[in-house]
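What follows is the residue order along each chain.
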Amino acid sequence: MLAIENLRVVYHDVISVLNGISLDVNEGEILIIIGANGAGKTTLLRSVAGMIDFYDGDIIEGDIKMEGSSIKGLDAADIMKRYGLTYVMEDRPVFWYLTIEENLGAASFSRWDKHVKTDMEEVYEYFAVLRSLRNKRAGYASGGEQQMLAIGMALMTKPKILLLDEPSLGLAPLITEELFSIIKKLNESGITIVLVEQNANAALNIGIRGYVIETGRIVLDGKAVDLLKNEDVREFYLGSGEKERKSYKDAKRYKRRKRWL
Ligand SMILES: Nc1ncnc2c1ncn2[C@@H]1O[C@H](COP(=O)(O)OP(=O)(O)O)[C@@H](O)[C@H]1O
Ligand SMILES: [Mg+2]
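Residues numbered from 1 in each chain as written. Chains lettered and ligands numbered in written order. Predicted model: local features only at pLDDT ≥ 70, side-chain atom pairs only at ≥ 80, totals over all residues. Heavy atoms only, no water.

Draft legend 1. Spatial organisation of helix α4 (residues 116–126). Residues D119, M120, V123 and Y124 constitute the buried set of α4. In a view along the axis of α4, the buried residues occupy a sector of 150 degrees, so they form one face of it. Opposite the buried face of α4, by more than 90 degrees, sit the exposed residues T118 and E125. (Buried < 20%, exposed > 50% of the residue type's maximum accessible area, 1.4 Å probe, protein only. Helix = DSSP H or I, 4+ residues; strand = E, 2+ residues; numbered from the N terminus. Arc of directions from axis to C-beta.)

Draft legend 2. View of the packing of aromatic side chains. Within the structure shown, the criterion is met by zero aromatic pairs. Here the guanidinium or amino end of R46 rests over the ring plane of Y55, the centre of that ring lying 3.6 Å away. (Phe/Tyr/Trp six-rings, centres within 6.5 Å; stacked < 30°, edge-to-face > 60°. Lys NZ or Arg CZ within 6 Å of the ring centre and 35° of its normal.)

Draft legend 3. Molecular detail of the sheet that holds strand β1 (residues 2–11). On the basis of which strands lie adjacent, the open sheet formed by four strands has the order β2-β1-β4-β5 and antiparallel pairing. In the strand order of this sheet, the two ends are held by β2 (15–25) and β5 (69–70), each with one partner. The strands touched by helix α1 (residues 41–48) are β1, β2 and β4 (57–66); relative to β1, the strand with the most contacts, the crossing angle is about 115 degrees. (Pairing = 2+ DSSP bridges. Contact = heavy atoms within 4.5 Å. Axes fitted to C-alpha atoms, helices over the stretch in contact; angles between N-to-C directions.)

Draft legend 4. A look at the coordination of the magnesium ion (ligand 2). For the magnesium ion (ligand 2), every protein donor is listed as T42 (OG1) and E90 (OE), and the spread of their distances is 2.0 to 2.6 Å. Pair noted here: T42 is in helix α1 and E90 is in the loop between β6 (85–88) and α3 (100–107), with a separation of 48 residues, a long-range link. (Donors = N, O, S within 2.8 Å, 3.2 Å for Na, K, Ca; no water.)

Draft legend 5. Just the site of ligand 1, in detail. Among the 14 residues in the neighbourhood of ligand 1, the closest are listed as H12, G38, K41, T42 and T43. Residue G38 places a main-chain N or O atom 2.7 Å away from an oxygen atom belonging to ligand 1. Contact between ligand 1 and T42: an oxygen atom at 2.8 Å from a side-chain N or O atom of the residue. Look at ligand 1: alone it shows 560 Å² of surface, and the protein chains cover 70% of it. For the shell around ligand 1, the leading source of residues is α1, giving four residues. Residue classes in the shell around ligand 1 are distributed as six nonpolar, six polar and two charged. (Near = heavy atom within 4 Å. Polar contact = N/O pair within 3.5 Å; in protein donor to acceptor, adjacent residues only side chain to side chain. Areas by Shrake-Rupley, 256 points an atom, 1.4 Å probe, with all protein chains shown as cover. Nonpolar A, V, L, I, M, F, W, Y, C, P; charged D, E, K, R; others polar.)

Draft legend 6. Structural view of the pattern of salt bridges. One pass over the full model with this rule turns up 13 salt bridges. Here D119 makes a salt bridge to K158, at a shortest N to O gap of 3.5 Å. In this pair, D119 sits in helix α4 while K158 sits in the loop between α6 (143–155) and β7 (161–165), placing the two residues 39 residues apart along the sequence. The residue R131 makes a salt bridge to E125 at a minimum N-O spacing of 3.1 Å. Classification of R131 by relative accessible area gives partly exposed; the value is 28%. Overall, the relative accessible area of 59% leaves E125 in the exposed class. Each of E101, K117 and R134 takes part in one network of salt bridges that share partners. (Salt bridge = Lys/Arg side-chain N within 4 Å of Asp/Glu carboxyl O.)

Draft legend 7. View of helix α10 (residues 231–238). Where α10 is concerned, the buried positions are V233, E235 and Y237. All buried residues of α10 fall inside an arc of 165 degrees around its axis, so they share one side. N-cap assignment for α10: the residue whose side-chain oxygen lies 2.8 Å from the backbone N of D232 is N230.

Draft legend 8. Structural detail: the packing of α3 against α4. Axis separation between α3 and α4 bottoms out at 11 Å; the angle between their running directions is 125 degrees. It follows from the interaxial angle that α3 and α4 lie oblique. As for the relative orientation of α3 and α4, their crossing is right-handed in sense. Residues E101, L104 and G105 of α3 touch α4, and the partners they reach there are K117, M120, V123 and Y124. Considered class by class, the residues forming the contact of α3 with α4 number four nonpolar, one polar and two charged. (Parallel < 35°, antiparallel > 145°, perpendicular 65-115°, else oblique. Left-handed = near helix turned anticlockwise from the far one by under 90°.)

This is a description of form; function is not addressed.
Rendered as structure tokens:
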């Protein structure tokens, strides 16, 4: 469905951030992309969504294809309208001074049809909490509620493929669990999902396949179940590997030493 071919991206002409990334997204799947802070995950999504130029970034090599045709260089609104690709940016971009319902209404800007009310109902079916808060200003909503709203707004564009940028960031584990189970339901309703996460455990548990990126390169890929079992993934992203335990012990020793001082 979506193919990224040898993508190289620089910021301000000189800062090289993606160094030749290739990956495929199959229709109907949940694809997980994990990587540490600064690995280039957001840059990848910005590039795909046609937003990299807003950040003074450039695709200097490679291509991005949706259903076989290149979308490189198309503008974000075009990519959304023509290909049904919608990007939910990190940091929960919602309009703070509008109510939850007004936010959903604003997000339907790209539509000409008259089904906005029905679609809002559909969003409320997925996110019951948004229905109960519909007349509350988004700025007063919690982080989890704002993330649900951001995804709800994306749903108002009737996406075929949703790119989600670290939706679990800063959320309590229970809220993350709820959010991810809704993401899974969205996928089951037919929306292809690309989920970028640092929370590797939660993400790989709902994902089908995954890629690991480090400093703008793919270092590992495979089925989500296999990545969950992979030693390096466990060590660096799940914090349960052998080395992690060693460093935990080191930390305890350090504390003891400090107490003596
Ligand atoms: N607009 C920008 N201008 C310059 N450097 C940027 C810009 N945006 C991101 N970067 C740099 O690109 C690298 C990758 O960032 P990003 O794609 O946000 O990574 P991630 O989402 O994996 O944390 C980081 O070193 C970051 O500082
Ligand atoms: Mg990011």
